[in-house]
Amino acid sequence: LQRKYVWTRTEASRFIDSILLGLPVPSVFFAKEQGETMLIIDGFQRIMTVHDYVKGVFSGDGKIFKLSNTENINARWRGKAFAELDTEEKRRIRSSTIHAIIFEQKHHRNDTGMFQIFERINTGGRTLKAQEIRNCVYQGKCNDLLFELNKHDSWRKILGLNVEDSRMADLELILRYFAMRDLHIRNEGQLKQINLAKYLNKYMGDKTNSTGEDILDMKQDFITMIDKVFELLGENAFKNLKKESENFASKINPAIFDAISVATSYAIKTEYKFTEGNYLEKYKRLLKNEEFHRASSSRTTNIENIKTRIQIAAEFLYGVTYEW
């Protein structure tokens, strides 16, 4: 799986220290797939930590994996790599038992089945974020596309980060774009309010078995949209103004991201020419608009507020009327 390794060297060292002390290792949880493959529900950090330590390279930074030289690590192996342990200590790690519990879901996977298992099981370490769970549950072309698009140059520049987020927040924003873009043609668009996590689950689940043509259309749509946004707004795209200031915040505001990304995509589809003046100034005026601010800062998953902020963004920036 493409889940990131997120443990720090200190956390990893503590786990190896526990094994060397002979403490029991918590069970790992796998999900059995067709073709006898196993998805790791819980235990990836532990499995990779043992693998990395024996191999000698720490996945967190690509450097030699030596245990932390701190007091909470036993003095006998403090600061040592696997190759520096004595024969008995090496054998203790190699022969340690890790019990595995294996789930097999007989019916179609959805957010009431496998997603619920991923979400609820937390035997140790860090609780999985929603997008990390989706990455495990909804394997397929759509999931692969999110990883591909997350590397796109314009997107990384807007995020201001060369390294992809280890907890997949950047991937979730890309998924969120597609889900908000299509909200008006889905059943959820007829509701008064959406549960965002469940909606993103359902959307990604629906896209799991998408055709190659659909995936290609999604790819071209996102790239065209994000390149245009970066061209017009640069690294300030999707960011709010700091309170009582003309300076932009450092991080993307998800509700503003919805509005600008979907409005820009819509303008492109209507063959708007993007030949007007300073779009950054228009963007600042948009952020200061009271109705846009309200729709972007309170009850942000209310359908009417989602529609309102997209419509105002489309009108302010491009002079086009977004039709729901």
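Scroll up to find the structure this text is about.
Residues numbered from 1 in each chain as written. Predicted model: local features only at pLDDT ≥ 70, side-chain atom pairs only at ≥ 80, totals over all residues. Heavy atoms only, no water.

1. Details of the overall build of the protein
Inference 1: Counting its regular elements, the protein contains 14 helices and five strands.
Inference 2: Referenced to the eigenvectors of the C-alpha coordinate spread, the extents of the protein come out at roughly 75 × 45 × 35 Å.
Inference 3: Taken across its 324 residues, the protein has 47% of its residues classed as buried.
Inference 4: Residue pairs in contact within the protein that sit at least 24 positions apart in sequence constitute 66% of those at least 6 positions apart.
Inference 5: Carbon and sulfur atoms provide 49% of the accessible area of the protein, an area that totals close to 16,500 Å².
Inference 6: Of the charged side chains in the protein, 50 are positive and 44 negative; the average position of the first set lies 4 Å away from that of the second. (Helix = DSSP H or I, 4+ residues; strand = E, 2+ residues; numbered from the N terminus. Buried < 20%, exposed > 50% of the residue type's maximum accessible area, 1.4 Å probe, protein only. Contact = heavy atoms within 4.5 Å. Areas by Shrake-Rupley, 256 points an atom, 1.4 Å probe, with all protein chains shown as cover. Lys, Arg positive; Asp, Glu negative; His and termini not counted. Charge placed at Lys NZ, Arg CZ, Asp CG, Glu CD.)

2. Topic: the pairing of strand β5 (residues 248-252)
Inference 1: Sheet analysis places strand β4 (residues 239-241) next to β5, joined by two bridges and oriented antiparallel. Note that in β5 the partner of K239 across the bridge is I252.
Inference 2: From the end of β4 to the start of β5, which pair antiparallel, there are six residues, and E244 there has a positive phi angle of about 55 degrees. (Pairing = 2+ DSSP bridges.)

3. Concerning the side chain of S296
Inference 1: Position of S296 relative to the elements: it lies in helix α13 (residues 290-297).
Inference 2: At 2.8 Å, the side chain of S296 and the backbone oxygen of F292 are in polar contact.
Inference 3: Once residues lying within four places of it in the same chain are set aside, the contact partners of S296 are N253, A255, I256 and R309. (Polar contact = N/O pair within 3.5 Å; in protein donor to acceptor, adjacent residues only side chain to side chain.)

4. Let's talk about the packing of helix α10 (residues 212-233) against helix α11 (residues 254-269)
Inference 1: With their axes 9 Å apart at the nearest point, α10 and α11 run at an angle of 105 degrees to one another. One element, α10, and the other, α11, form an angle in the roughly perpendicular class. Packed against α10, whose contacting residues are D221, T224, M225, K228, V229 and L233, the element α11 presents I260, S261, T264, S265, I268 and K269 at the interface.
Inference 2: Looking at side-chain class alone, the contact of α10 with α11 contains five nonpolar, four polar and three charged residues. (Axes fitted to C-alpha atoms, helices over the stretch in contact; angles between N-to-C directions. Parallel < 35°, antiparallel > 145°, perpendicular 65-115°, else oblique. Nonpolar A, V, L, I, M, F, W, Y, C, P; charged D, E, K, R; others polar.)

5. Quick look at the sheet that holds strand β1 (residues 28-32)
Inference 1: Pairing within the open sheet is mixed, and its three strands lie in the order β2-β1-β3. The open sheet has two edge strands, β2 (38-42) and β3 (100-103), and neither has a second partner. When strand polarity is set aside, the average angle formed by the axes of neighbouring strands in this sheet is 30 degrees.
Inference 2: Here four bridges tie β1 to β3, and the two strands are oriented parallel to one another. Each bridged residue has a counterpart across the sheet, and for A31 the counterpart in β3 is F103.
Inference 3: Against the sheet, helix α2 (residues 44-55) contacts β1 and β2, and its axis sits at roughly 105 degrees relative to β2.

6. Brief notes about the nonpolar core
Inference 1: Judged by nonpolar contacts, the single largest core of 66 residues is most densely connected at W155, F178, F222, F238, I260, Y283 and Y318.
Inference 2: Excluding residues that lie within four positions of it along the chain, I260 makes contacts with V229, L233, F238, Y283, L286, A313 and L317. (Core = buried A, V, L, I, M, F, W, Y, C linked by side-chain atoms within 4.5 Å.)

7. Details of α13
Inference 1: Along α13, the residues that are buried comprise F292, A295 and S296. Across the axial projection of α13, the buried residues extend over an arc of 95 degrees, all falling on one side.
Inference 2: Among the structural elements, α11, α12 (279-288) and α14 (303-318) are those in contact with the buried residues of α13.
Inference 3: For α13, the N-terminal cap is N289; the gap from its side-chain oxygen to the backbone nitrogen of E291 is 3.1 Å.
Inference 4: Immediately downstream of α13, the backbone of R299 shows phi near 45 degrees, a positive value. (Arc of directions from axis to C-beta.)

8. Overview of the pattern of salt bridges
Inference 1: According to the stated counting rule, one finds 25 salt bridges in the structure shown.
Inference 2: With a closest N to O distance of 2.6 Å, R46 and D42 form a salt bridge.
Inference 3: For D42, a relative accessible area of 7% puts it in the buried group.
Inference 4: Close ionic contact of E84 with K66 constitutes a salt bridge, the shortest N to O distance being 3.7 Å. Within this pair, whereas E84 is found in the loop between α2 and α3 (87-94), its partner K66 is found in the loop between α2 and α3, the two being separated by 18 residues in sequence.
Inference 5: Looking at E84, the relative accessible area reads 40%, which means it is partly exposed.
Inference 6: Residue classification places K66 among the partly exposed residues on the basis of a relative accessible area of 36%.
Inference 7: Among the charged side chains, a salt-bridge network with shared partners connects R181, D182, D221 and K269. (Salt bridge = Lys/Arg side-chain N within 4 Å of Asp/Glu carboxyl O.)

9. Observations concerning the packing of aromatic side chains
Inference 1: Under the counting rule described, the total for this entry stands at 20 aromatic pairs.
Inference 2: Measuring from centroid to centroid gives 6.2 Å for F178 and F222, while their planes differ by 50 degrees, and the two rings are tilted. Pair noted here: F178 is in helix α8 (residues 169-181) and F222 is in helix α10, with a separation of 44 residues, a long-range link. Each of the two residues, F178 as well as F222, counts as buried.
Inference 3: Through successive ring pairs, a cluster of aromatic residues spans W155, Y177, F178, F222, F238 and F257. (Phe/Tyr/Trp six-rings, centres within 6.5 Å; stacked < 30°, edge-to-face > 60°.)

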